[in-house]
Amino acid sequence: MLTREQWTGKFVDVIARASSQLPPDVLVALERGRDAEEPGSLAAKALDSILTNVAMAKGNWQPICQDTGTPLVWIHHPVGMSTRMLSGAFAEAVRQATGKQLLRPNAVDTLTDRNTGNGQGPGIPTVHCDEWDEGHVEVRMILKGGGCENCGAQYSLPNTKLKADRDLEGVRRCILDAIQQAQGKGCAPGIIGACFGGDRGSGYVESKRQLLRRLDDSNSVPELDRMEREILEQANSLGIGPMGFGGKTTVLGVKVGNLARLPASYFVSVSYMCWANRRAAARIGEKGDVTWLD
Ligand code: SF4
């Protein structure tokens, strides 16, 4: 069994990968977007610059963007492991990664308005621990930029302005509205994580958890799979394009989940992730052996 210090080291490796190595499915989606745009257009140039930046960050193991985002991590662990130890080790990993310039000092004390200087503070990082029956640990994390976080939105249905009722069509209208409202801000092309149901807090958490999914996966719920594909197509017909320059590539992926709700409430929570969809996942065995996951 690894010590807390050894866990911290493993988590630093996961953070380094998330910060500098864009997942292959995101790269493919960006290349496909660039190839779909008019050659020489602002949209094509923006996507070309993004792809050059991604390649440079990958080669040098340096952050893909100056805003290294908020670290959000979901850890599955075997029965009997201390969640306090794992959470503490991950927070320490964020401090160490910040010291190594894998992350920017990104945490500001909201009372004093001073930067904590080490990338960590109450609520940063956000660590979710879940016990499972497997014998290994699985870590899945994202780094979520501030600009795209500002483009998140939450709707309470019914919504008369959007003519959105408490049904899947209402959910679709809300998600498409959030993309329309963003107008390319939050560094489009974006990836949409959405959740309908839950309360205001759990809905947003689930919408962010959806961002752990690969862009080319399929939703196991046929209605939601249809909705994801439909919204992707409709969003890319809006003409907003990369960074709002116009074009065909406004969104790279749409991922939708759902939670139970109270009879009185029906929330649709939308989290907008920028093109810098920094995601990393690893399986870590009892002896510390690491297998990288998609
Ligand atoms: S929204 Fe994303 S790509 Fe844009 S500045 Fe923030 S982290 Fe970077």
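Structure: see above.
Please read all numbers here as calculations on a predicted model, not as lab measurements. Sequence order sets the numbering: in each chain, residues are counted from 1 along the sequence as written. Totals for whole chains, interfaces and linings use every residue, but because this is a predicted model, local features are given only for residues with pLDDT of at least 70 and side-chain atom pairs only at 80 or more, for both listing and counting. As a rule here, side-chain values come from all non-hydrogen atoms in the structure, and water together with hydrogens is ignored.

## With respect to helix 2 (residues 24-36)
The test is simple: In this text, helices come from DSSP runs of H or I with a minimum length of four residues, and strands from runs of E with a minimum of two, each type numbered from the N-terminal end. Helix span, as expected, comes to 1.5 Å for every residue beyond the first. Under the scheme applied here, a residue whose accessible area is under 20% of the maximum for its type counts as buried, over 50% as exposed, and between as partly exposed, the area being computed with a 1.4 Å probe on protein chains only. Within this analysis, the arc is defined by the directions that extend from the helix axis to the C-beta atoms. Contacts were defined at the residue level, with two residues in contact if any of their heavy atoms lie within 4.5 Å.
With 13 residues, helix 2 extends 18 Å between its outermost C-alpha atoms, agreeing within 8% with the 18 Å of an ideal straight helix rising 1.5 Å per residue. Burial in helix 2 covers these residues: Asp25, Val26, Ala29, Leu30 and Gly33. Projected onto a plane normal to the axis of helix 2, the buried residues spread over an arc of 140 degrees and lie on a single side. Pointing more than 90 degrees away from the buried face of helix 2 are the exposed residues Pro24, Arg32 and Asp35. Taken together, the buried residues of helix 2 touch helix 3 (42-60), strand 6 (251-258) and strand 8 (278-284).

## Topic: the nonpolar core
The tendency in soluble globular proteins is for nonpolar side chains to be buried side by side. Note the cut-off: Only buried Ala, Val, Leu, Ile, Met, Phe, Trp, Tyr and Cys residues count toward a nonpolar core, and they belong to the same one when joined by side-chain atoms within 4.5 Å.
Leu30, Tyr155, Ile175, Ile179, Ile192 and Val268 are the most contacted members of the largest nonpolar core, which has 51 residues in total. The residues touching tyrosine 155, leaving out its near neighbours within four places in the chain, are Leu162, Cys174, Asp177, Ala178, Tyr266, Phe267, Val268 and Val270. Val73, Ile75, Met141 and Ile284 belong to the second largest nonpolar core, which has 27 residues in total.

## Quick notes on the sheet that holds strand 4 (residues 153-156)
The strands making up a sheet associate through hydrogen bonds between their backbones, and the pairing can be parallel or antiparallel. Test applied: Whether two strands pair comes down to DSSP finding at least two bridges between them. Note on method: axes are straight lines fitted to C-alpha atoms, helices fitted across the in-contact stretch only, with angles between N-to-C directions ranging 0 to 180 degrees.
Taken in spatial order, the four strands of this open sheet run 4-7-5-6, and their pairing is mixed. Of all the strands in the sheet, the pair left with one neighbour each is strand 4 and strand 6. Taken over all neighbouring pairs, the strand axes of this sheet differ in orientation by 15 degrees on average, direction set aside. Against the sheet, helix 8 (residues 222-235) touches strand 5 (190-196) and strand 6, its axis set at about 150 degrees to strand 6.

## Let's talk about the pairing of strand 9 (residues 290-293)
Alignment of strand 8 against strand 9, held across four bridges, turns out to be antiparallel. Counted as the bridge partner of arginine 283 is threonine 291 from strand 9. What sits between strand 8 and strand 9 in their antiparallel hairpin is a turn of five residues, with glycine 288 showing a positive phi close to 95 degrees.

## Overview of the pattern of salt bridges
Selection criterion: Salt bridges are defined as contacts in which a side-chain nitrogen from Lys or Arg sits within 4 Å of a carboxyl oxygen from Asp or Glu.
The full count for this structure, using the stated rule, is 17 salt bridges. Of the charged contacts in the structure, one is a salt bridge between arginine 173 and glutamate 169, with a shortest N-O distance of 2.9 Å. Taken together, the positions of arginine 173 and glutamate 169, both in helix 6 (residues 168-182) and four residues apart, correspond to about one turn of that helix. Relative accessible area serves as the criterion here: at 31%, arginine 173 is assigned to the partly exposed category. For arginine 214, the salt bridge goes to aspartate 216, with nearest N and O atoms at 2.7 Å. Residue classification places arginine 214 among the partly exposed positions, given a relative accessible area of 26%.

## As for the side chain of glutamate 138
Worth spelling out the cut-off: Polar contact is the term for a pair of N or O atoms within 3.5 Å; when the atoms are in protein, one must be able to donate a hydrogen and the other to accept it, and sequence-neighboring residues count only if both atoms are side-chain atoms.
The topology assignment puts glutamate 138 in strand 3 (residues 137-144). Classification of glutamate 138 by relative accessible area gives buried; the value is 15%. Engagement of the side chain of glutamate 138 in a polar contact is seen with the side chain of arginine 140, the distance being 2.9 Å. For glutamate 138, the residues in contact, after removing those within four places along its chain, are Trp74, Ile75, His76, Trp132, Ala282, Arg283 and Leu293.

Shape is all these values report; function is a separate question.
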